[in-house]
Each structure stands twice: as structure tokens, then as C-alpha cells.
Amino acid sequence: MRIENVVCPFCGCLCDDIVVEVEDNRVTAVKKTCSSGRSLFLNAHTGAAHPTVDGKEVAWSEAMDTAARLLADSASPLIYGLSSTASEAQRKAIALADLLGASIDSTSSVCHGPTTIGIQSQGEPTCTLGEVKHRADLLIFWGCNPAEAHIRHFARYSVSARGKLTPQGRKDRTVVVVDVRPTRRSRNADIFLQLRPGCDYEVLTALRALLKGETLDVTEVGGVGVAQLADLVERMKSCRFGVIFFGMGVTQTGGKYLNITELLALVAELNDYTRFTTMAMRGHGNVAGADCTLTWQTGYPFAINFARGYPQYNPGEFTAVDMLARQEADAALIIASDPVAHFPRLAAQWLSQIPTIVLDPEANLTAREARVVLPTAIYGVSAVGTAYRMDNVPLPLKKVVDSPQPTDEQVLDWMIERVKA
Amino acid sequence: MVPKLILITGRTIKQGEALHKGKDSDEYRQATGFVEMSRADRGRLAPQGWGERGAAQRVRVRTAFGEAELELREGNLPEGMIFVPMGPAANALIGSETRGTGMPDSKGLEAEVEPL
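Position numbers for residues count from 1 along each chain, tracking the sequence in the order it is written. Key to labels: chains lettered from A, ligands numbered from 1, both in the order written. Restriction of local features to residues with pLDDT of at least 70 applies here, the model being predicted, together with a cutoff of 80 or more for giving and counting side-chain atom pairs; totals for whole chains, interfaces and linings are based on all residues.

J.: Would you mind going over the overall build of chain B with me for this structure?
T.: Within chain B, the secondary structure is distributed over four helices and six strands. Each helix is a run of DSSP H or I of at least 4 residues and each strand a run of E of at least 2, with the numbering of both proceeding from the N terminus. Taken from the N to the C terminus, the helices and strands of chain B come in the order β-α-α-β-α-β-β-β-α-β. Per-residue burial for chain B yields a buried fraction of 48% across its 116 residues. For every residue pair, C-beta atoms are placed from the backbone, and the pair is scored as a contact if these atoms sit within 7 Å. Sequence-distant contacts in chain B: of pairs separated by 6 or more residues, those separated by 24 or more amount to 71%. Exposure in this text rests on C-beta crowding, where 20 or more other C-beta atoms within 10 Å of a residue's own make it buried, 12 or fewer make it exposed, and counts in between make it partly exposed. The C-beta atoms are placed from the backbone.

If you want it as C-alpha cells, here you go:
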């Protein structure tokens, strides 16, 4: 069976033109995906998997009872992950956090959390990827590496996409890469600015000064010549529609949200001259959805705590790395994420010492250390649901194979019922 | 010994492909178990040469927060910079201080590298 226009749930591009061939409830071929998307569909488990408690296979009812008891008995539970599950399940996770008086945080806190903090202080110019495809003639990729992390971004939405006002694709656009090292993309860029590590803030400030018509009394800023920066400012002012896409290179270096505040200020000021916008290159398939769902449910996008019976927001206090490294969480529910594989060692070590419950289709490194493992269906492969693209456009995920596993949403519903009982 | 280097961590295509094959797969271990360095720094690290051609070169990378033993690869990086793909080895090198943001310093850490 051939299924067309399937949405790949892997990264924030949510490419919705995938063709999947299915035989005997197995994905046998995938077309149009990048290599990561292909690997996701072809390696998707479709067989039955049992829940486990302390490494032993048990019935669902027993696993659910144990999980609910561990959470209900905890004084400071942490719910974390959410970026690779559907928004319907994210909503249930928030309801559970509310019920438990728990902290809830998404993987945003270790990717674009600083972006969100920057947006809260500076505001955010927005656009869709469709507008970029059809209108943008100046594309700046700053501290992001789509060739490794968002592989079809160039072809579908940005560099070589052919749009109504950009009929010649790549020829109609100027492409600038700003990074601390040469990348696959920088070799094909029209302009490559190689920064010294940790100098994003200085360079952004210099660009703002040049835009205001100031003269700089230095010859270079952050490893880049002032003449090159002045040239970039002229291109920014004179383009028809400019976009800065940015990634972890800006959010994970020193300064963090201050880098983002400066970047957003530059983009706001450019709108005195032309249409200019910016977009975070969101990593996981529904990490943008985690921000959206948390915000419309609680008023805050991540780092939320319900201990007082109402939502409080505080990055650095209720963010997962901090709560674990400071040993403040005494139980954890990890949904569709693998913090043991991706957190700094101190935080990961505490996670393996407290009772942890994992909801995930994969037997990941966190599941290996967990008290309770609840294997669920895969949104976008064996379950339907909603995911938000990196431009915050929600897309319906399709189901291409059947799974005997329940969805994250169903399991969270069962957990809510048990905690209430 | 090469003077202090700047460590950055990040995604790669191979890491993205391998994570679907399982975090205990050989593909994932290989995709996340190496450090990249410029040719010049790699030469400075072993002035007497690296021994048998084609043999895997192992190094120890150390930061203020931890250390990891990794395969050394030559990468297209500026001198003074090393790259480790996100994964268990990178985690061992990153501190958990987030300076009130929730985000650890995953890029821009000082690191030392020594041959094994």
C-alpha cells in the first residue's frame, strides 16, 4: 500500500510530502525523506512490547498502578520531555502535572529555552515557512547547521525552494552563513562570516551600531572585519524580505538569552527599512508544539511548577537540568525524550537514582535506568496526533501502520484516573 | 599536549540516523564516540606521528566537569576548536550549571586533549 503526503515527525521541518510504502503492517520503503526521517520510518517498531517494572515484564494494569503510586507518593515530581509526542498528549501531561503539583518542562529548556526568554523581553517578528519560500531574497543562517540537523530545509522552504516571487530558487536569493566553523552549508553560501566562539553578542551589537549609522573605531569584531559587517548591513537594509534562521550556536553559548535579545532587537530595527524576520530552527518534531500547548494551558512555555496549586514560571529553578543537578526532583516522568543520553552527567546521574517512569516507543538510555517503562505507539507512524512545525503551524500527523501499543495520550489518561482514585 | 582548546557539541547526520537504531547499537556508539580536531592541532598533539596508518587514534578529552575517551578524527575546524557530537560522551564533558536559564554551557567550554 502506498500512502502519500505523510508528515515526517522527526524534526521541526515536519516535511509533509513523504511517500510511505507499507506491506504486512511494516514500512518497506520511504520516499522524499532525509536520511534521519528514513531511519525513523524504517526502524519503527510495530510489534508488541510489554511494560516493565524494575526490568520485569508485567501487565499494563500493574505497570500503571506502580507508576501512579510512585508519582502520587513523590513530594516534588518532575514531568519532562514532550517534544516528540503529539500536542494531545502534551495537554494530558500538563493536566497530570497540575493534579500532582509537579514541575513540568520540555526539551525546549536545553535547546531554544533561551530563545523564548529573549522573545519574552524583546518580542518576536514572525512569519511562516511558506512566506520564506515565496518571498525571502536574503537568508542568514546564524549558529545553525541545517545540513546536519534540518536536512530538507534548504530544498523545501529556504535556499533552493522556488516560490512565486523567487521563481529561480537559489539564484533569486543571497545566502549568508554565520558560524564559528566552516560547515557544509558555508561552502555553498554567498557570504561566510566566521566568528570567534562566544562572540555572537558583540557581532550583533556591532551590526546594530552600523545600522544606526555609527562609525566603529575598531577594524574587527569577534573575528569579522568591520567592512564585512558594514557590507552585511547594507544587504540587510536593501533586501526585499530578509530572514535570520538561528540555532544552538546562539542559544548554547555564553550570554544565551542575551544573544537572542540582541538578535531580535536588530531584526526589529531592520523593519524600519524593509520586511525582516527571524525564526528559531526547532529541533524535535513537536518541540514548538510543547511551547504552544504549555503556553495556552498555563500561560508559560516551559520551566513551570504547580506546587502552589497555580502555575509558576522560573527558568533556572523549574528547568529539568537544574532540578536534577540540585537533586530537587524526587521522582520523574519522562515522556518521549532521553535525558540520560542528552543531559550533563550530574543531572543524568540523579535521574538514575530517583524513581523514574518512561513513556517512549524506544528502549532508550533513560528507559534502561527507569523503574517503570511504558512502551507507547509512535506519533506520525503508528498513531495520529497534532504537531507544530518550527514556524508554529500545526499539522495533523498520519498513522501509516497499526500498533498494539497505546498512545502517550491514552497512558496519561489512565495515569490521571489512577492518581485521582 | 595541545594548549587549551574550545569544545563545541552538536548534532550530526549520523547521530540523527543512528538514534533510531537504538542507543545501544554500534552505529550510535560510533556516531557519538569521537572528537574532531583541525589537522594542525592533531599534528601538534602527536609530533612523533600517530603510529600505524589507518589505526583508530584514541584520546582523552578533559574539561573542568569530566572526561571522556574518544576516537580522534580530523575535521574541518579552525585551530583551537574541537567538536564532539551530542550523546553520552559529550554529556560527560558538560557542566550542569545553567546560570539561571535552564540551559547548560554546551558550547564554548575549555578542554584539554591527550593521546592514549
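J.: Is there a simple way to think about the overall build of chain A in this case?
T.: Helix and strand content of chain A: 18 helices and 21 strands. This radius of gyration counts C-alpha atoms alone. The globule rule is 2.2 Å times how many residues there are, raised to the power 0.38. Compactness check: chain A gives a C-alpha radius of gyration of 22 Å against a globular reference of 22 Å for 421 residues, within 12% of the reference. Taking all contacts inside chain A whose residues are at least 6 apart in sequence as the whole, residues at least 24 apart take part in 67%.

J.: Teacher, can you tell me more about the interface of chain B and chain A here?
T.: Where the parts come together, the accessible area they lose is often given as the size of the interface. Taken together, the contacts link 34 residues of chain B with 46 residues of chain A. Secondary structure elements with two or more residues in the side of chain B that touches chain A: strand E1 (5–10), helix H1 (13–18), helix H4 (88–93) and strand E6 (107–115) of chain B. Residues belonging to the side of chain B that touches chain A are distributed by class as follows: 12 nonpolar, 17 polar and five charged. Three classes are used: nonpolar for Ala, Val, Leu, Ile, Met, Phe, Trp, Tyr, Cys and Pro, charged for Asp, Glu, Lys and Arg, and polar for all others, with Gly counted as polar.

J.: Sorry if this is basic, but what is going on with the domain arrangement of chain A here?
T.: Residue and element names in this part refer to chain A. Each assigned domain of chain A is listed here: domain 1 (49–109 + 285–420) and domain 2 (113–280). Segmentation into domains, and thus their bounds, comes from an automatic or database assignment. When each unit is reduced to the centre of its C-alpha atoms, the spacing between domain 1 and domain 2 is 34 Å. Listed by partner, the interface residues are 11 residues for domain 1 and eight residues for domain 2.

J.: Got a minute to help me understand the sheet that holds E6(B) in this structure?
T.: Each strand in a sheet pairs with another by means of backbone hydrogen bonds, the pair being arranged parallel or else antiparallel. All names here are of chain B. Taken in spatial order, the six strands of this closed barrel run E1-E5-E2-E4-E3-E6, and their pairing is mixed. Geometrically, the sheet is characterised by an average inter-axis angle of 45 degrees between neighbouring strands, direction not taken into account. Between any two strands, at least two bridges found by DSSP are needed for them to pair. Pairing of strand E2 (residues 34–37) with strand E5 (residues 81–85), which is carried by two bridges, proceeds in the antiparallel orientation. If you follow Met37 over to E5, its bridge partner there is Ile82. Axis definition: a line fitted to C-alpha atoms, limited for helices to the stretch in contact. Angles are taken between N-to-C directions and run from 0 to 180 degrees.

J.: Sorry if this is basic, but what is going on with the sheet that holds strand E3 (residues 26–31) of chain A here?
T.: Residue and element names in this part refer to chain A. Reading across from one edge, E1-E2-E3 is the order of the three strands in this open sheet, with antiparallel pairing throughout. On the outer flanks of this sheet lie strand E1 (2–6) and E3, each paired with one strand and no other. Going from strand to strand, the sheet's axes swing by 25 degrees on average, the running direction of each strand aside. As paired elements, E1 and strand E2 (residues 18–23) share three bridges and run antiparallel to each other. Its bridge partner lying in E2, Val6 is registered against Ile18. Across the face of the sheet, helix H1 (residues 35–42) comes into contact with E2 and E3 while running at roughly 165 degrees to E3.

J.: For this particular structure, what's the right way to read the packing of helix H9 (residues 200–211) of chain A against helix H10 (residues 226–238) of chain A?
T.: In helix packing, the relevant descriptors are the interaxial angle and the interaxial distance, both defined with respect to the helix axes. Residues and elements named next belong to chain A. One way to put it is that H9 packs onto H10 with a least axis distance of 9 Å and a crossing angle of 60 degrees. The element H9 and its partner H10 pack so that their crossing is right-handed. Contacts from Ala206, Leu207, Leu210 and Leu211 of H9 reach H10 at Leu229, Ala230, Leu232 and Val233. Residue classes in the contact of H9 with H10 are distributed as eight nonpolar, no polar and no charged. Rotating anticlockwise by less than a right angle from the far helix to the near helix defines a left-handed crossing, while the corresponding clockwise rotation defines a right-handed one.

J.: Hey, could you run me through the pairing of strand E17 (residues 331–335) of chain A in this one?
T.: On any regular strand, side chains alternate: one points to one face of the sheet, the next to the other face. For E17(A), the tally of buried residues reaches five of five residues, placing the bulk of the element in the interior. Neither face of E17(A) is exposed, since A:Ala331, A:Leu333 and A:Ile335 on one face and A:Ala332 and A:Ile334 on the opposite face are all buried.

J.: Sorry, what's going on with the packing of H9(A) against helix H12 (residues 257–270) of chain A here?
T.: Residue and element names in this part refer to chain A. It is at 9 Å that the axes of H9 and H12 come closest, and there the two elements cross at 20 degrees. Judged on the interaxial angle alone, H12 and H9 are roughly parallel. The interaxial crossing formed by H9 with H12 has left-handed handedness. Contacts from Asp200, Tyr201, Leu204, Thr205, Leu207, Arg208 and Leu211 of H9 reach H12 at Leu258, Asn259, Glu262, Leu263, Ala265, Leu266, Glu269 and Leu270. Its residues assigned to classes, the contact of H9 with H12 comprises nine nonpolar, two polar and four charged. An angle counts as roughly parallel when it lies under 35 degrees, as roughly antiparallel when it exceeds 145, as roughly perpendicular when it falls between 65 and 115, and as oblique in every other case.

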